[in-house]
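# A structural walkthrough
Spelled out, the chains give:
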Amino acid sequence: MPQVAPVVSDWKTLLSVYRQQREEISLGGGTKANTRQHEKQRLTARERIAELIDPGTRFFETGHWAAWGLYSEWGGAPSASVVCGIGQVASRSCLIVANDATVKAGAFFPMTVKKVLRAQRIAFENRLPLLYLVDSSGVFLPLQDEIFPDEDDFGRIFRNNAVISAAGVPQIAAIMGNCVAGGGYLPVLCDKLLMTEGSGLYLAGPALVKSAIGQEVSHEDLGGAHMHATISGTIDFREPDDHACLRRLRELVRMLPPDPLAACYQPEVPVAAARPATDLEQLVSTNPQQSYEIREVLNCLLDAGSFQEYKPEYGRTLICGYGRIGGFRVGIVSNQHHPEKTPTTGLQFGGVIYHDGADKAARFILDCNQSWLPLIFLQDVNGFMVGRDSEQAGIIRAGAKLVNAISNSRVPKLTVILGGSYGAGNYAMCGKAFDPRFIVAWPTAHYAVMGAQQAATTLLDIQLAALKRSGREPEANEMQDLRNKVTASYTEQTDIRHAAARGWVDDIIEPAESREALITMLKIVTRTVDDRPLQTGVIQV
């Protein structure tokens, strides 16, 4: 059974660190780079988004931590040089993708590609109009072999442009700076195309054209806004500057149909939660070894009085039930995080999935699919129970049934990781591999196959065996140094920022933001319905 991660901090200190780092990421390339962008009479990516969305509305950002701590040998790539998220534009929810030209001229790193692909998937699944604010120099050439050729690399973005358009999801691109080389296909594959004066759209810039074919040509004649508006006919609207371009973009979005809402997901009148969301920091400790009552957490998330617990006396370490959040009817699957005593299995450890809990959750998930209830998974899981008794009770069979039910769900799934997300427990609670529409995490979350202490022991045993095979017996102090090094490395990898940097979660949110974040996500995922029949194939019983 996986062990939990070590204590990180108290909430005040922990959130202070995260807020500071979040602000640093938001600066993009830094103050000097932002100043250079302004000297070109251009806004930064975040300034463009702020001017584009409706006043007083919130931009729901995804992938803010992308590339955190990566590419240090190249000076880093804050937020993977692109800002993505959902905002209200002319009262329509839109997925916005804005290249950040303050970071390596908006160049595409491997994580940039992954982040844009994730944004396109969110838009496609939820039928969100896509708005691209293009200002990029193209592929970051030193890493081209990690960006260019594969099915989930740069070219997939353009393939998605075509498929998304064919599905009837609107796409509008505004070129507001560089748009070079293969990246030029993205805006041209969109339904509508705007371009500002001073921007450039070409497959090869003036210097490369001269080198390749010996032709000398100016920036404007090669790919300027005037040329594309009057000669090539590539663009639909030529705008003098960023401000005019964003105004035009808003008016074009206004021509789109109003936001839809699937009939089966129509919300009721919202009711405030029984407890304020700020109480979550008192209910749940940053110490993963400290137990808590998940039902109290639900009191901070669900509309007051709406929770109906499903099979409360059975499978007690998985708490399932029906409820409402912001008026939206939902099904909840959550890990209980304190010990529970049952009449058949005796004491069950909190955060561990037992066969009875897996059986209960599988049936509950299928019922939610039958009733068209979006599913919300609250993860704080150490894994499945192991040992003779558990195996004889059919833990693998029950776990397989649960995974099958999640995999074949037709209703939207949302996942919030509160604490541990270890081993197969990550899968059974709808981890990233099981297609949640959104997956977010608290700063206390940890991602790993197993806990750091257990993993360190296993890894240390492997390394010691290798040393002994080579004929060397390590000294006691050397063994301790090795253990410390292995533990530190593994602990760093379980940090949720490590996961967020690689796109394994869409964002890291503060506990107090959880209810509002869930309401925002529910508004997005209930726009459309997947009306295919509920099918599971062969299922363990």
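Here, every reference points to the structure presented above.
So, here is what we can say about the structure in this document. If you're wondering where the values come from, they're calculated on a predicted model, not measured in any experiment. (Residues numbered from 1 in each chain as written. Predicted model: local features only at pLDDT ≥ 70, side-chain atom pairs only at ≥ 80, totals over all residues. Heavy atoms only, no water.)

### Description of the overall build of the protein
- Secondary structure assignment for the protein yields 20 helices and 20 strands.
- Against the globule reference of 24 Å for 541 residues, the protein gives a C-alpha radius of gyration of 25 Å, in line with a compact fold.
- The buried share of the protein, taken over its 541 residues, is 54%.
- Long-range contacts, defined as pairs at least 24 residues apart, comprise 75% of the intrachain contacts of the protein with a sequence gap of at least 6.
- Counting every atom, the protein has about 23,200 Å² of accessible surface; 53% of that belongs to carbon and sulfur.
- Of the side-chain charges in the protein, 53 are positive and 59 negative, and the distance between the mean point of each set is 3 Å. (Helix = DSSP H or I, 4+ residues; strand = E, 2+ residues; numbered from the N terminus. Rg over C-alpha atoms; globule rule 2.2 N^0.38 Å. Buried < 20%, exposed > 50% of the residue type's maximum accessible area, 1.4 Å probe, protein only. Contact = heavy atoms within 4.5 Å. Areas by Shrake-Rupley, 256 points an atom, 1.4 Å probe, with all protein chains shown as cover. Lys, Arg positive; Asp, Glu negative; His and termini not counted. Charge placed at Lys NZ, Arg CZ, Asp CG, Glu CD.)

### Let's talk about the packing of helix H3 (residues 45-52) against helix H10 (residues 242-254)
- Where H3 meets H10, the closest approach of the two axes is 10 Å, and the angle between their N-to-C directions is 45°. Here H3 lies oblique to H10, going by the angle between them. For the pair H3 and H10, the sense of crossing is right-handed. Contacts from Arg48, Glu51 and Leu52 of H3 reach H10 at Asp242, His243, Leu246, Leu249 and Arg250.
- Counted by class, the contact of H3 with H10 contains three nonpolar, one polar and four charged residues. (Axes fitted to C-alpha atoms, helices over the stretch in contact; angles between N-to-C directions. Parallel < 35°, antiparallel > 145°, perpendicular 65-115°, else oblique. Left-handed = near helix turned anticlockwise from the far one by under 90°. Nonpolar A, V, L, I, M, F, W, Y, C, P; charged D, E, K, R; others polar.)

### A few points about a nonpolar patch on the surface
- A surface patch of nonpolar side chains, about 290 Å² in accessible area, is lined by Tyr185, Leu189 and Leu203.
- When you line up the elements, tyrosine 185 lands in helix H6 (residues 185-188).
- Relative accessible area serves as the criterion here: at 45%, tyrosine 185 is assigned to the partly exposed category. (Patch = residues over 30% accessible without salt bridge, like charges linked within 9 Å, V, L, I, M, F, W, Y side chains within 5 Å. Salt bridge = Lys/Arg side-chain N within 4 Å of Asp/Glu carboxyl O.)

### Considerations on the layout of surface pockets
- Approximately 510 Å³ is the volume found for the largest pocket.
- Among the secondary structure elements, those contributing two or more residues to the lining of the largest pocket are helix H4 (110-126) and helix H5 (154-166).
- Looking at the lining of the largest pocket residue by residue, the classes come out as 11 nonpolar, four polar and 12 charged. (1 Å grid on protein atoms, 1.4 Å probe; cavity = no way out; pocket = protein on both sides within 12 Å on 5 of 7 lines; lining within 4 Å. Points joined across faces, edges and corners; volume = space filled by probe spheres on them.)

### Looking at the pairing of strand S4 (residues 130-136)
- Across the seven residues that make up S4, a large majority, seven, are buried.
- Of the two faces of S4, the one lined by Leu130, Tyr132, Val134 and Ser136 and the one lined by Leu131, Leu133 and Asp135 are each fully buried.
- Relative to S4, strand S3 (residues 92-99) runs parallel, the two sharing four bridges. Directly across from alanine 98, in S4, lies its bridge partner leucine 133.
- For the crossover from S3 across H4 to S4, the handedness is right-handed.
- For S4 and strand S5 (residues 171-180), the ladder comprises six bridges, and the chain directions are parallel. Across the sheet, the residue bridging to leucine 130 is glutamine 171, located in S5.
- Once the chain exits S4 it traverses H5 before rejoining the sheet at S5, and the crossover so formed is right-handed. (Pairing = 2+ DSSP bridges. Right-handed = clockwise from strand over helix to strand, strands pointing away.)

### Some details on the nonpolar core
- In this structure, Leu95, Val97, Ile157, Ile376, Phe438 and Ile496 are the most contacted members of the largest nonpolar core, which totals 91 residues.
- With near-sequence residues (within four places) excluded, isoleucine 496 lies in contact with Tyr18, Ala441, Trp442, Pro443, Ala445, Tyr447, Val505 and Ile508. (Core = buried A, V, L, I, M, F, W, Y, C linked by side-chain atoms within 4.5 Å.)

### Re helix H20 (residues 514-525)
- Across its 12 residues, H20 extends 16 Å between first and last C-alpha, which sits within 8% of the 16 Å expected from 1.5 Å per residue.
- Among the 12 residues of H20, nine are classified as buried, and the element is accordingly described as predominantly covered. (Expected span 1.5 Å × (residues − 1).)

### Quick notes on the pairing of strand S15 (residues 375-381)
- Most of S15 is tucked away: seven of the seven residues are buried.
- With four bridges connecting them, strand S11 (residues 328-335) and S15 associate as parallel partners. If you follow isoleucine 332 over to S15, its bridge partner there is isoleucine 376.
- Where S15 meets strand S17 (residues 413-422), six bridges bridge the pair, whose relative direction is parallel.

### As for the packing of aromatic side chains
- Scanning the model with the defined rule gives 15 aromatic pairs in all.
- Relative to phenylalanine 158, the ring of phenylalanine 154 lies with its centre 5.0 Å away and its plane at 75°, an arrangement referred to as edge-to-face. Highlighted residues: phenylalanine 154 and phenylalanine 158, both in helix H5, separated by four residues, approximately one helical turn.
- With a relative accessible area of 6%, phenylalanine 154 lands in the buried category.
- Plain terms: the ring middles of phenylalanine 158 and tyrosine 185 are 6.2 Å apart, the flat faces sit at 55° to each other, and that makes the pair tilted. Highlighted residues: phenylalanine 158 in helix H5 and tyrosine 185 in helix H6, separated in sequence by 27 residues.
- Take phenylalanine 158: its relative accessible area is 13%, and that puts it in the buried class.
- One aromatic cluster in this structure is built from Tyr71, Trp74, Phe109 and Phe140.
- For arginine 127, the ring lying beneath its charged end belongs to phenylalanine 124, and the centroid distance is 4.8 Å. (Phe/Tyr/Trp six-rings, centres within 6.5 Å; stacked < 30°, edge-to-face > 60°. Lys NZ or Arg CZ within 6 Å of the ring centre and 35° of its normal.)

### Let's talk about the side chain of asparagine 126
- On the secondary structure map, asparagine 126 appears in helix H4.
- For asparagine 126, a relative accessible area of 0% gives the class buried.
- A polar contact of 2.6 Å, which involves the side chain of asparagine 126, links it to the side chain of arginine 437.
- Residues within four places of asparagine 126 in sequence aside, it is in contact with Arg437, Phe438, Ile524, Val525, Arg527 and Thr528. (Polar contact = N/O pair within 3.5 Å; in protein donor to acceptor, adjacent residues only side chain to side chain.)

### Side note on the pattern of salt bridges
- Counted under the stated rule, the structure contains 25 salt bridges.
- Here glutamate 239 ties to arginine 248 by a salt bridge, and the two come within 2.7 Å at their closest N and O atoms.
- Residue class for arginine 248 comes out partly exposed when judged on its relative accessible area of 35%.

### Topic: unusual backbone geometry
- One non-glycine residue, alanine 90, lies in positive phi territory at about 50°.
- Turning to its location among the elements, alanine 90 is positioned in the loop between strand S2 (82-89) and S3.
- Exposure remark for alanine 90: the relative accessible area of 4% places this residue in the buried category.

### Section: the packing of H4 against H5
- Where H4 contacts H5, the two axes come as close as 9 Å, and the packing angle between them is 15°. Looking at the two axes, H4 sits roughly parallel to H5. You can see that H4 and H5 cross each other, and the crossing is left-handed. On H5, the residues that touch Val113, Val116, Leu117, Gln120 and Phe124 of H4 are Phe154, Arg156, Ile157, Asn160, Asn161, Val163 and Ile164.

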